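# Residue-level structural notes
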Amino acid sequence: QVQLVESGGGLVQAGGSLRLSCAASGRTFVNCAIGWFRQAPGKEREFVAAVAWGGSRTPYADSVKGRFTISRDNAKNTVFLQMNSLKPEDTAVYYCALRFGLLVPTTGDLYNYWGQGTQVTVSS
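Residues numbered from 1 in each chain as written. Predicted model: local features only at pLDDT ≥ 70, side-chain atom pairs only at ≥ 80, totals over all residues. Heavy atoms only, no water.

## Overview of the pairing of strand E3 (residues 18-25)
Test applied: Should DSSP find at least two bridges between two strands, the strands are regarded as paired. Labels follow the DSSP assignment, with helices taken as runs of H or I lasting at least four residues and strands as runs of E lasting at least two, numbered in each case from the N terminus.
With five bridges connecting them, strand E1 (residues 3-7) and E3 associate as antiparallel partners. The residue bridging Glu-6 from the neighbouring strand is Cys-22, located in E3. Sheet topology places E3 next to strand E7 (residues 78-83); six bridges connect them, and they run antiparallel. Across the sheet, Arg-19 pairs through a bridge with Gln-82, a residue of E7.

## Things to note about the state of the cysteines
Selection rule: A pair of cysteine sulfur atoms is labelled a disulfide when the two atoms are within 2.5 Å. Type-normalised accessible area, obtained with a 1.4 Å probe on protein chains alone, sets the label of each residue: buried when under 20%, exposed when over 50%, and partly exposed for intermediate values.
Under the counting rule described, the total for this entry stands at one disulfide. Not part of a disulfide, Cys-32 finds its nearest cysteine sulfur in Cys-22, a span of 10 Å. Judged by relative accessible area, which is 2%, Cys-32 ranks as buried.

## Brief notes about the pattern of salt bridges
So the rule is basically this: The salt bridge definition used is simple: a Lys or Arg side-chain nitrogen within 4 Å of an Asp or Glu carboxyl oxygen.
If you walk through the whole model with that rule in mind, you get five salt bridges. Note that Glu-46 and Arg-38 form a salt bridge whose closest N and O atoms lie 2.6 Å from each other. For Glu-46, a relative accessible area of 35% gives the class partly exposed. The partner of Asp-90 in a salt bridge is Arg-67, and the shortest N-O contact between them spans 2.8 Å. Within this pair, whereas Asp-90 is found in the loop between E7 and strand E8 (92-100), its partner Arg-67 is found in the loop between strand E5 (46-52) and strand E6 (68-73), the two being separated by 23 residues in sequence.

## Re the environment of Ala-14
Our working rule: Every residue pair with non-hydrogen atoms within 4.5 Å of one another is taken to be in contact.
Relative to the assigned elements, Ala-14 resides in the loop between strand E2 (10-13) and E3. Considering only alpha carbons, one finds Ala-14 and Glu-89, 75 residues apart in sequence, at a separation of 9.6 Å. Ala-14 has contacts with Leu-86, Pro-88, Val-122, Ser-123 and Ser-124, leaving out every residue within four places of it along the chain.

Here you go:
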């Protein structure tokens with residue numbers, strides 16, 4: 001069974017940066033995708049970014065395109081989310097999720113495993 005652990009969240013001022021990490025364990029990862037999602041207080045969960053483990057497909061939500069960058073370190077079984085030019089509206093709990101298959105979907109219901117989340121707070 002796959003386990004995911006997020007880290008790197010914290011409190012930053014608007015315009016600052018954070019780097020989130022998602023460490024995966026439990027099995028070898030081939031033909032899978034890892035996505036980042038976030039949920040702000042009083043709002044529904046939304047897609048942020050995703051990456052194919054064995055490929056270069058990296059879809060982004062329009063709201064973060066140009067500011068956030070997703071990357072992976074296959075040797076460490078870790079996926080990163082570099083967040084620059086942070087805005088107060090980026091405040092949320094950020095989750096990483098994994099699914100097995102060739103597709104890299106942007107819908108959370110299509111992912112099989114989820115981490116516990118890490119809090120990101122951006123002050124103005």
